[in-house]
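The residues making up each chain are set out below.
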Amino acid sequence: MAAEPKRWQLYLDTRLRYLIVRDFLHKQLYKRLPPQTGWAHVLGSLALLTFLSQFVTGILLLLYYRPTLKEAHESIQYITGVVPFGWLIRQLHAWGATFMMLAVVLHMARTYFMGSFKKPREFTWLIGAGLLMATMVFGFTGYLLPWNQLSYWATTVGTEVTGAVPLVGEQMREILLGGPSVGQEALSRFFLVHVTVLPWVLITLVTLHLVLMRVHNLATLEDVGREKPYPPESGVPFWPVHMAKEAGVAVVCMAALFTLAVTSPWEIGAPADPLNTPEGIKPEWYFLPTYQLLKYFSGSWGKPLGILVSGVPFLLLFAWPFLERGPGRRPSRRKWAVRIGIAAVVLALVFGILGYVSETTIRLAGQTIAIDMYGVPHLHALH
Amino acid sequence: MTASRISRARIGCGVRIGALAALLTAAAGAPALGQPRTVACPDCHPTQAEQFHGSVHREAVHCPQCHGGQDVYELTAEQNQALLLSRAADTQPAPFDHGAAFRGKPARVTVPELCGTCHEDVEKMNPYGLRTDQLRAYWLSGHGKRLKLHGDDRVAVCIDCHGIHDILSKADTRSRTHFSNVPATCGHCHADRALMSAFDLPGDIVDQYRHSVHGRNLLEKGDAGSPNCATCHGSHAAAPPGFAQVGHVCGKCHQQVEEYVLSSVHGRIAVMARCTGCHGKGGNPRNHQIEDAAPPPETLLQTYTQTWDELKGNAERLQSTFDARLDTLTGSLRPDSVCHYCHGPDRPGPHAEFFVTSDRIVLERGAELSNALRNAQFDYAETADRVARMSHGVLLVRDEAVRAEDAKTEVVALYAFMHTFNQPEILKRVEKLQAICGDVNASLDHKQTGLTWRNRSLIPVWAFAALFFILMYRKYLLLKQAYVREPGQPAAPPAEAAFSPARRRLLDMTLRVMGAGAMLGLFWPAAVYILPARKRGGASERVSAGKEEGWKLWEERRLAVAGQPAAVIRTDRGFRGFSLVCTHLGCIVHWNEATHEFACPCHGAVFGAAGQVISGPPPKALPEYTVTEIQGEVVVTGAQKS
């Protein structure tokens, strides 16, 4: 319990009735987490932290960004080159997207392998999967906004996929882009979704996620239904004990973000030119596995099939808590689930790496190796 | 029914009625063997008639005007039978008597006068806006003189260049006289070595032309502005210019260069000012393979970028490789490589000995000027390349890009100025160019050093993060000790055992200070970012040209609009903004406050205070920007006025 209220607090409480809220928050803040809570449990808060960072830097970018064909790229130049610390805000936002995605994925992997999604936390997992989707859409819509060659063409290629859906694909794509190709309408739509719709979706989902997390507390590794209650004094209070750990991690994470912003900044790039496709257009890393997988399907039947196949992992993601219903949480008690999980990670890595190296040329031991779009290397004779 | 259709029906009536008659007889199903019949020219001369129908003359001319005879002939029954039989057997019809007035195929020597009967007639040519001095011009041409004096009909007459029945307007791309077909038309005779040797003329000049800078631009790039044979030699009055006139012929387009050459040491003697002596195969008085001496700035930049990429910025070999590459480019000559055509041991004539000493000095000076030019080219290319490389990176180099355009202008202007052969002035120009490049580089350096503090800041940031993490971990252990107990265990021994209260206070204090510092470190950039910017320009396409106050009439203020140099002038009709990029070759024009004109230093173009072209080669006026006054501030909007 919080300390006894002071006189001025009573004065305010008589008029504002705020002490009840304060006590509630106090209770939440000091709530004891299970004794097993370890370093892996900071990932969720890290995802929240990166989201907050995106939120703040995003609002700052809105001060100078203008979502029109004429001014979008100009304003990015202005932010990056003229506004004091504009470069930092932009880089933090651009790299923050990667960090946010990474934190969400790692948090999800931890939840999966530790079986934390099991009863009674199935819906927490569902909301989490929704958050992953929202993060991906955030990344996709935000990528177009700088309106440079890379963003323009990545979006053009990315939305082509939608067109392959049978029957309604073309219409879907046109609704998405607001026209037959990426233009002002698409920019407006992507901007709108990125800065108005998605933040609310994310805030709602995050709130629900946090409330459920508080209601059920963190999961331990004990089997479903056999969780032993722990004496309150052996639990780890969220504040200040767990938070101390998280504060340390957060600072290191921010330093890493800053390092990337400085050492490998996102370029301003050449303004979007619809008449000139640059070489080597690739989507962001978190879309690479899907991007590569889709390449292996072609033709009027192949493309819809490809969309179906690449949709399977996401469907599994949502359905998983209802598919794996055994009581075991310990990885040693869920051999098949762990195997599937590892296979999924390996597959994602393999397709991601194939996508990353496809359509590039590398020089290895004096040989020029050209890798085609399917990721198959071809040895080239030296010229 | 328009007037033209009526006239077409009337003028071509002979042809039409004949065709109609033939059609009717055919339609009637009666071959009409052995019956009298009316025929028109096309009935017997279908090929010529078809060509004629596609020609410019189809409306205004009909066959008898050139060939004599009649439009329509009445055939006797025998003649008709003979004609139909020969046609059925596909054999040559028997000779036909066209009557006394029939001239047949005009002799070549008579062609010019024959065409002249109409083309010299002002009344007839007026409706078509055609000149009537062509015949007179022709008689003055090399072709005409030979025809008149010697009756030599091997020379070109009208039909050789314009065609016979299939004469087309020169605006028609199929026409022999269309600008892109002129070299082939002239080449019809002038590339015929056997024919040309009869006149003691070279047979390779058309081939030379095809390989020249003009020929490549015309034939490969389809550049209508590039000269064809007629541009220099004239069309109807075609004749080779004399040596003394070559400079003037080239000066028709290269005005600025001609001016420079005439003011130069070479300009004092007209014969020496001929451009063809240096630009192309040296020493050949009939040189038609005219070449650029220096590649355009775009090529310089491209060559440099390529070299840089290959050498990975290896600074030592960069300039020598770049120079060597330039030497191998078509249309790139070291200026001193042509001096020896005249100055040197090969000099012909009785005064050769006399010139030995001066020749040596000239060659030395030529080498010096060549080196200066090469240095200027290298400096420009290096700067432009650096700007291009940085322009899409993380720095905004818009001002530098505008300055690089200035440097480009200086390069093009220098190319022209080289023709003054005025060494001190040329070196001054080179220095000016190098000064611009130096400015740009210094500014880029400054911006790049601005980047290094970002990298340097990584050290304190990581030192801070590491220290904070270590201390926070310490604090975490202490907190855990204080708050968490193993189930059933008594409270942990007081922390003081491991950590004295003083040290604990120090730890807390340090963490608090660091936390405050971290907050400050996060909020400070955000606060500075939010503060109103001092200089606008990028995000908005609106650029301020400054306060209206104190702006004198006809005063110019320069600024960059959308990355391009522009200027606002206070004219007597208010403020006007123009792009300063010359519409000819992209040089930067300068405002002359005294004459109220923009002058381009590259090719001497002059634009008026309304941006309109006053003189020189530019194809169109300077693009104008919208200028508005907002509370005493003169603001240029990036969108160009249409």
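Residues numbered from 1 in each chain as written. Chains lettered and ligands numbered in written order. Predicted model: local features only at pLDDT ≥ 70, side-chain atom pairs only at ≥ 80, totals over all residues. Heavy atoms only, no water.

### Re the overall build of chain B
Here is the rule: Strands here are runs of E lasting at least two residues and helices are runs of H or I lasting at least four, both read from the DSSP assignment and numbered beginning at the N terminus. Here the term buried applies to any residue with accessible area under 20% of the maximum for its type, exposed to any over 50%, and partly exposed to those in between, with areas from a 1.4 Å probe on protein chains only. Contact definition: two residues touch when any of their heavy atoms are within 4.5 Å. Here the open area of atoms and residues is found with the Shrake-Rupley method and a 1.4 Å probe, where only the protein chains shown may cover a residue.
Looking only at helices and strands, chain B features 25 helices and 12 strands. Within chain B, the fraction of its 642 residues that count as buried is 38%. A fraction of 58% describes how many contacts in chain B between residues 6 or more apart in sequence connect residues 24 or more apart. Roughly 36000 Å² of accessible area belongs to chain B as shown, and the carbon and sulfur atoms make up 59% of that amount.

### Remarks on the overall build of chain A
When its secondary structure is counted, chain A shows 13 helices and 5 strands. Each principal axis of the C-alpha distribution contributes one length, and for chain A these read about 80 × 55 × 50 Å. Across the 383 residues that make up chain A, the buried fraction comes to 46%. A separation threshold of at least 6 residues defines the contact pool for chain A, and within that pool the share at least 24 residues apart is 72%. A total accessible area of about 19900 Å² is found for chain A, and carbon and sulfur atoms account for 72% of it.

### Topic: the state of the cysteines
All names here are of chain B. In plain terms, the rule: Cysteine sulfur pairs qualify as disulfides if the two atoms are within 2.5 Å.
A complete count under the given rule lists 1 disulfide over all chains for this structure. As a non-bridged cysteine, cysteine 189 has cysteine 161 as the owner of its nearest cysteine sulfur, 7.4 Å distant. The class of cysteine 189 is buried, set by a relative accessible area of 17%. Just so you know, cysteine 437 is unpaired, no disulfide at all, and the nearest cysteine sulfur is the one on cysteine 602, 14 Å from it. Cysteine 437 sits in the buried class, given a relative accessible area of 4%.

### Let's talk about the nonpolar core
The tendency in soluble globular proteins is for nonpolar side chains to be buried as a group. Heads up, the condition is: To form a nonpolar core, buried Ala, Val, Leu, Ile, Met, Phe, Trp, Tyr and Cys residues must be joined to one another through side-chain atoms within 4.5 Å.
Leu300, Phe322, Leu414 and Ile426 of chain B are the most contacted members of the largest nonpolar core, which totals 38 residues. Of all the secondary-structure elements, those providing two or more residues to this core are α18 (255-263), α19 (297-311), α20 (315-328), α21 (356-391), α22 (398-417) and α23 (423-456) of chain B. Counting 27 residues, the second largest nonpolar core, distinct from the first, contains Leu61, Leu145, Trp147 and Tyr152 of chain A.

### Section: a nonpolar patch on the surface
Rules: Patch membership needs two things, relative accessible area over 30% and no salt bridge, and members are linked within 9 Å if like-charged or within 5 Å if nonpolar (Val, Leu, Ile, Met, Phe, Trp, Tyr). Put simply, a salt bridge is a Lys or Arg side-chain nitrogen that is within 4 Å of an Asp or Glu carboxyl oxygen.
A surface patch of nonpolar side chains, about 430 Å² in accessible area, is lined by Ile20, Val21, Phe24 and Leu25 of chain A. By the secondary structure assignment, isoleucine 20 of chain A is in helix α2 (residues 19-29).

### Focus on the sheet that holds strand β10 (residues 613-615) of chain B
All names here are of chain B. Put simply, the rule reads: Paired strands, in this sense, are two strands between which DSSP finds at least two bridges.
Taken together, 4 strands build an open sheet; the order of strands is β7-β8-β9-β10 and the sheet is antiparallel. Taken across any chain shown, the strands that pair with only one partner, and hence form the sheet edges, are β7 (590-592) and β10. Examined bridge by bridge, strand β8 (residues 597-599) and strand β9 (residues 606-607) share 2 bridges and lie antiparallel to one another. Looking at β9, one finds that phenylalanine 598 is bridged to phenylalanine 607.

### Let's talk about the side chain of arginine 334 of chain A
Residue and element names in this part refer to chain A. Going by this rule: What qualifies as a polar contact is a pair of N or O atoms within 3.5 Å, subject to a donor-acceptor requirement within protein and to the restriction that residues adjacent in sequence count only when both atoms come from side chains.
Looking at the secondary structure, you find arginine 334 in the loop between α12 (299-323) and α13 (335-357). Here glutamate 324 takes part through its side chain, which lies 2.7 Å from a polar atom of the side chain of arginine 334. Ignoring any residue separated from it by four or fewer positions in sequence, one finds arginine 334 in contact with Tyr112, Phe113, Met114, Gly115, Phe117, Lys118, Glu324, Gly328 and Arg329.

### A short note on the pairing of strand β5 (residues 564-571) of chain B
All names here are of chain B. The element β5 is extensively covered by neighbouring structure, given that 6 of its 8 residues are classed as buried. In terms of strand pairing, strand β4 (residues 556-561) meets β5 through 6 bridges, oriented antiparallel. Each bridged residue has a counterpart across the sheet, and for arginine 557 the counterpart in β5 is valine 568. The antiparallel pairing of β4 with β5 creates a hairpin that spans 2 residues between the two strands, and alanine 562 there sits at a positive phi of about 50°. Relative to strand β6 (residues 574-579), β5 runs antiparallel, the two being bridged by 6 bridges. Its bridge partner lying in β6, isoleucine 569 is registered against arginine 576.

### Points about the domain arrangement of chain B
Residues and elements named next belong to chain B. We count it as follows: Boundary definitions for the domains trace back to an automatic or database domain assignment. Buried area is calculated as the accessible area (1.4 Å probe) missing from two parts once they are joined, with the contributions of both summed. As a working rule, the residues Ala, Val, Leu, Ile, Met, Phe, Trp, Tyr, Cys and Pro are called nonpolar, Asp, Glu, Lys and Arg charged, and the rest polar, with Gly in that last group.
If you check the domain split of chain B, you get domain 1 (3-88), domain 2 (108-240), domain 3 (297-453), domain 4 (458-482 + 494-526) and domain 5 (542-640). One C-alpha centre belongs to domain 3, the other to domain 5, and the line joining them spans 29 Å. Tallying the contact residues gives 9 residues for domain 3 and 11 residues for domain 5. Both faces considered, domain 3 and domain 5 share a buried interface measuring about 880 Å² in area, 64% of it formed by carbon and sulfur atoms. Taken together, the connections running from domain 3 to domain 5 amount to 1 salt bridge. Measuring nitrogen to oxygen at the nearest pair gives 3.6 Å for the salt bridge that ties aspartate 406 to arginine 558. The tally of links between domain 3 and domain 5 comes to 1 residue pair in polar contact (both at pLDDT 80 or more). The class makeup of the residues in the side of domain 3 that touches domain 5 is 4 nonpolar, 1 polar and 4 charged.

### Looking at the packing of aromatic side chains
The criterion, for reference: Here is the rule: rings of Phe, Tyr and Trp (six-membered ring for Trp) pair when centre to centre is within 6.5 Å. Planes less than 30 degrees apart are stacked, more than 60 are edge-to-face, and the remainder are tilted. Criterion for a charge above a ring: Arg CZ or Lys NZ at most 6 Å from the ring centre, at most 35 degrees from the ring normal.
Under the criterion given, the structure shown has 37 aromatic pairs over all chains. Their ring planes at 55° and their centres at 5.3 Å tell us that phenylalanine 117 of chain A and tryptophan 125 of chain A sit as a pair that is tilted. The residues phenylalanine 117 of chain A and tryptophan 125 of chain A share a single accessibility class, namely buried. Note on tyrosine 73 of chain B and phenylalanine 96 of chain B: the rings are 5.3 Å apart at their centroids and 90° apart in plane angle, and the pair reads as edge-to-face. Taken together, the residues tyrosine 73 of chain B in strand β2 (residues 72-75) and phenylalanine 96 of chain B in the loop between α6 (77-88) and α7 (111-119) connect sequence positions 23 residues apart. Taken together through their ring pairs, the aromatic side chains of Tyr112, Phe113, Phe117, Trp125 and Trp320 of chain A make up a single cluster. Note that arginine 214 of chain A overlies the ring of phenylalanine 238 of chain A, its terminal NZ or CZ placed 4.9 Å from the centroid. The positively charged end of lysine 245 of chain A is found above the aromatic ring belonging to tryptophan 39 of chain A, 5.1 Å away from the centroid.

### Quick look at the interface of chain A and chain B
Contact with chain A, which involves 54 residues of that partner, is made by 42 residues of chain B. Together, Glu74, Tyr78 and Phe85 of chain A form the three largest contributors to the area buried by chain A at its contact with chain B, with a combined 14%. The tally of links from chain A across to chain B stands at 1 salt bridge. Glutamate 74 of chain A is the partner of arginine 398 of chain B in a salt bridge, and the nearest nitrogen-oxygen pair spans 3.5 Å. Taken together, the elements giving at least two residues each to the side of chain A that touches chain B come down to α3 (43-62), α4 (72-81), α5 (86-113), β2 (236-237) and α10 (238-263) of chain A. Looking at which element gives the most residues to the side of chain A that touches chain B, the answer is α10 of chain A, with 16 residues. Residue classes in the side of chain A that touches chain B are distributed as 34 nonpolar, 12 polar and 8 charged.

### Let's talk about the pattern of salt bridges
As enumerated under the stated definition, the model contains 36 salt bridges over all chains in all. A salt bridge links arginine 173 of chain A to glutamate 160 of chain A; its shortest N-O distance comes to 3.6 Å. You can see arginine 173 of chain A sitting in helix α8 (residues 169-177) and its partner glutamate 160 of chain A sitting in helix α7 (residues 149-163), a full 13 residues away along the chain. Residues participating in the shared-partner salt-bridge network are Arg403, Asp406, Asp439 and Arg558 of chain B.

### Some points on the environment of glutamine 77 of chain A
Mapped onto the elements, glutamine 77 of chain A comes out in helix α4. Residues glutamine 77 of chain A and glycine 169 of chain A, spaced 92 residues apart in sequence, show a C-alpha to C-alpha distance of 35 Å. Glutamine 77 of chain A has contacts with Val82 and Ile268 of chain A together with Leu396 and Arg398 of chain B, leaving out every residue within four places of it along the chain.

### Some details on the packing of α5 of chain A against α10 of chain A
All names here are of chain A. We count it as follows: Think of each axis as a best-fit line through the C-alpha atoms, taken over the contacting stretch in the case of a helix, with angles from 0 to 180 degrees between the N-to-C directions. Here is the rule for handedness: rotate from the far helix to the near one, and if that takes an anticlockwise turn smaller than a right angle the crossing is left-handed, while a clockwise turn gives right-handed.
Two elements in contact, α5 and α10, have axes whose closest approach is 9 Å; the angle formed by their N-to-C orientations is 115°. At the point where α5 passes α10, the crossing takes the right-handed sense. For the pair α5 and α10, the contacting residues are Trp87, Leu88, Gln91, Leu92, Trp95, Gly96 and Phe99 in the first and Cys253, Ala256, Leu257, Phe258, Leu260, Ala261 and Val262 in the second. A breakdown of the residues in the contact of α5 with α10 according to their chemical character gives 12 nonpolar, 2 polar and no charged.

### Description of the confidence of the model for chain B
In plain terms, the rule: What pLDDT expresses is the predictor's confidence in each residue, scored from 0 to 100.
Looking at chain B as a whole, the pLDDT averages 84, with 87% of positions reaching at least 70. Overall, residues 1-31 of chain B carries pLDDT values under 50, and its contacts beyond four positions in sequence, including any with other chains, amount to 22 contacts.

### Details of α7 of chain B
All names here are of chain B. Definition in use: For this quantity, the arc is that covered by the directions from the helix axis to the C-beta atoms.
When α7 is considered as a whole, its buried residues turn out to be Val111, Pro112, Gly116 and Cys118. Seen end-on, α7 carries its buried residues on one side only, within an arc spanning 160°. Those residues of α7 that are buried lie in contact with α5 (64-67), α8 (122-125), α9 (134-140), α10 (142-150) and α11 (158-162).

### Describing the environment of threonine 76 of chain B
Residue and element names in this part refer to chain B. Position of threonine 76 relative to the elements: it lies in the loop between β2 and α6. Residues threonine 76 and arginine 325, 249 residues apart in the sequence, show an inter-C-alpha distance of 79 Å. Those residues in contact with threonine 76 that lie beyond four places of it in its chain are Gln35 and Pro36.

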